[in-house]
Amino acid sequence: MTRTSSAAAVAHPNIALVKYWGKRDKVLVLPHAGSLSMTLDVFPTTTTVRITPGTAEDSVFIDNVPARGEALRRIVDFLDLVRARTGRRERARVETHNTVPVGAGLASSAAGFAALALAAATAYDACLDPTSLSRLARRGSGSACRSLFGGFVQWHAAHPGEQDPDHASYAEPVHDVHPDLDIALIAVLLQTTPKPVSSREAMQRTVATSPLFPSWLRSTREALADMRAALKDGDLDRIGAIAERNALGMHAAMETALPPVTYRTPASHHLLNHVSALRERGEQTWATMDAGPNVKVLCPATDATRIAAELAAASASPTVIARSGPAATLISQSRS
Ligand code: 2P0
């Protein structure tokens, strides 16, 4: 019998328009609420998993540097999960190449674990469909489950009483989107150094200590339904307003944790104000932010080049224009 000996996959980051912030199960990586994102067409991550029979340990290289500490542990744990499902024991060599700064709130872990899930499942002959792959990727990093798919994607939170919550929490593409909707997302790269607090630690602290977290969570559940309706109608004004409010609420919740998690810098606030001012001047611009100081701006794709130039001038920082991007794909596979 021939077996797969190596597989390589590429995946893109996604930016949530309705955010995931907080786990109700840390082992299964089950969120407190569902979320909805747009997969980007920029910053791909490529990951190769090569089975290495006869070696005693996994080896992991991130951008040609041997991984260690927490980053290594998370990837080895993930490979263990794939091995446990397939009854395989061989170790592997993982090589991952990012085109986005890691740990700066630019969704590198989403693209990274989505590419790893597809490459590892293929290399170990796990034969998973895309929905099952999204469940698997979720175990590596919650937001990664959404990067298995292209376009707009919803990640379902399993209901607390669910019999099999692992099965019930997966991502799927949102197909009911108005055909004329053409959104761009401009990433303003204010700072690309790794964040001081990991999102994992930050969300845990927010859930445990922020008095604003319960109300943000309630508003997120409503925002999800509203966002689905706005996407269906192709109503960019509503999409932008829901996304901005949800992101600002998430930051307000984390900034009132004990001790506070403060990802927003003076430069972030300056840009958030600038985006509001542009809107007052009649532009269709809305901001969103993730676990880092960088600001992403939603706008009509037809206006993106002009608005990106305006944002670059206002922030003295580089900008990258993204559009809706593709699903994760397998780019090579070899058998022996
Ligand atoms: C999101 N973020 O929905 C939210 C918004 C950042 C802010 O998902 O602990 O790396 O690995 O499940 O997915 C970042 O958190 O966290 C994230 P883990 P993850 O995109």
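## A closer look at the sheet that holds strand 16 (residues 329–335)
Spatially, 6 strands are ordered 8-7-9-6-1-16 in an open sheet, and the strand pairing comes out mixed. The sheet terminates laterally at strand 8 (65–66) and strand 16, the two strands that pair on one side only. Across 6 bridges, the pairing between strand 1 (residues 4–11) and strand 16 is antiparallel. The partner of A8 across the bridge, within strand 16, is S332. Across the sheet, helix 1 (residues 69–86) touches strand 7 (59–62) and strand 9 (91–97), and the angle it forms with strand 9 is around 125 degrees. The sheet strands contacting helix 2 (residues 108–123) are strand 1, strand 6 (45–52), strand 9 and strand 16, and the helix crosses strand 1 at an angle near 155 degrees.

## Considerations on the pairing of strand 7
Looking at chain direction, strand 7 and strand 9 are connected through 4 bridges and run parallel. Counted as the bridge partner of I62 is T96 from strand 9. Connecting strand 7 to the antiparallel partner strand 8 that follows it, the hairpin turn spans 2 residues, and D63 within it adopts a positive phi of roughly 50 degrees.

## Concerning the packing of helix 1 against helix 2
Two elements in contact, helix 1 and helix 2, have axes whose closest approach is 10 Å; the angle formed by their N-to-C orientations is 35 degrees. Two packed elements cross with a definite hand, and for helix 1 against helix 2 that hand is right-handed. Of the residues in helix 2, those touching helix 1 at R74, I75, F78, L79 and V82 are F113, L116, A117, A120 and A121. Residues belonging to the contact of helix 1 with helix 2 are distributed by class as follows: 9 nonpolar, no polar and 1 charged.

## Quick word on the site of the ligand
As a matter of local geometry, the ligand sits amid 18 residues, with Y20, K23, S141, G142 and S143 nearest to it. In this structure, an oxygen atom belonging to the ligand sits 3.3 Å away from a side-chain N or O atom of S199. Surface burial for the ligand is 94%, taken as the share of its 470 Å² of free accessible area covered by protein chains. If you tally residues by element for the shell around the ligand, the top one is helix 5 (residues 199–209), at 3 residues. Taken together, the residues that form the shell around the ligand break down as 7 nonpolar, 5 polar and 6 charged. Here the shell around the ligand gathers at least three residues from each of two domains, domain 1 (4–177 + 327–335) and domain 2 (183–322).

## Some remarks on the nonpolar core
W21, V49, L79, L116, L136 and Y263 are the most contacted members of the largest nonpolar core, which has 52 residues in total. For this core, the leading source of residues is helix 2, giving 10 residues. Inspection of this core shows a minimum of three residues originating in each of domain 1 (4–177 + 327–335) and domain 2 (183–322).

## Quick look at unusual backbone geometry
Look at the link from L258 to P259: it is a cis peptide, with omega at -15 degrees. Mapped onto the elements, P259 comes out in the loop between helix 7 (236–255) and helix 8 (266–280). In the Ramachandran plot, D63 falls in the positive-phi region, its phi being about 50 degrees despite a non-glycine side chain. Mapped onto the secondary structure, D63 falls in the loop between strand 7 and strand 8. Residue classification places D63 among the partly exposed residues on the basis of a relative accessible area of 32%.

## Some remarks on the domain arrangement of the protein chain
When the domains of the protein chain are assigned, the result is domain 1 (4–177 + 327–335) and domain 2 (183–322). For domain 1 versus domain 2, the separation of C-alpha centres amounts to 24 Å. In this assembly, 34 residues from domain 1 lie in contact with 46 residues from domain 2. Together, the buried faces of domain 1 and domain 2 total about 3400 Å²; carbon and sulfur atoms form 69% of this surface. Three residues stand out in domain 1 for area buried against domain 2, namely L17, K19 and W21, and they jointly supply 26% of the buried area on that side.

## Comments concerning helix 7
Compared with an ideal rise of 1.5 Å per residue, which puts 20 residues at 28 Å, helix 7 spans 28 Å between its outermost C-alpha atoms and is within 8% of the ideal. Inspection of helix 7 places L236, I239, G240, I242, A243, E244, N246, A247, M250, H251, A253 and M254 among the buried residues, and these make up the whole buried set. At the N-terminal end of helix 7, a side-chain oxygen is found 3.2 Å from the backbone nitrogen of D237, two or three residues along, and the residue is D235.

## Re the packing of helix 6 (residues 213–233) against helix 7
Where helix 6 meets helix 7, the closest approach of the two axes is 9 Å, and the angle between their N-to-C directions is 165 degrees. Comparing their axes, helix 7 and helix 6 come out roughly antiparallel. The interaxial crossing formed by helix 6 with helix 7 has left-handed handedness. Residues F213, W216, T220, A223, D226, M227, A229, A230, L231 and D233 of helix 6 touch helix 7, and the partners they reach there are R238, I239, I242, A243, N246, G249, M250 and A253. When its residues are assigned to classes, the contact of helix 6 with helix 7 shows 12 nonpolar, 3 polar and 3 charged.

Calculation notes
Residues numbered from 1 in each chain as written. Predicted model: local features only at pLDDT ≥ 70, side-chain atom pairs only at ≥ 80, totals over all residues. Heavy atoms only, no water. Pairing = 2+ DSSP bridges. Helix = DSSP H or I, 4+ residues; strand = E, 2+ residues; numbered from the N terminus. Contact = heavy atoms within 4.5 Å. Axes fitted to C-alpha atoms, helices over the stretch in contact; angles between N-to-C directions. Left-handed = near helix turned anticlockwise from the far one by under 90°. Nonpolar A, V, L, I, M, F, W, Y, C, P; charged D, E, K, R; others polar. Near = heavy atom within 4 Å. Polar contact = N/O pair within 3.5 Å; in protein donor to acceptor, adjacent residues only side chain to side chain. Areas by Shrake-Rupley, 256 points an atom, 1.4 Å probe, with all protein chains shown as cover. Domains from an automatic or database assignment. Core = buried A, V, L, I, M, F, W, Y, C linked by side-chain atoms within 4.5 Å. Buried < 20%, exposed > 50% of the residue type's maximum accessible area, 1.4 Å probe, protein only. Buried area = accessible area lost by both parts, 1.4 Å probe. Expected span 1.5 Å × (residues − 1). Parallel < 35°, antiparallel > 145°, perpendicular 65-115°, else oblique.

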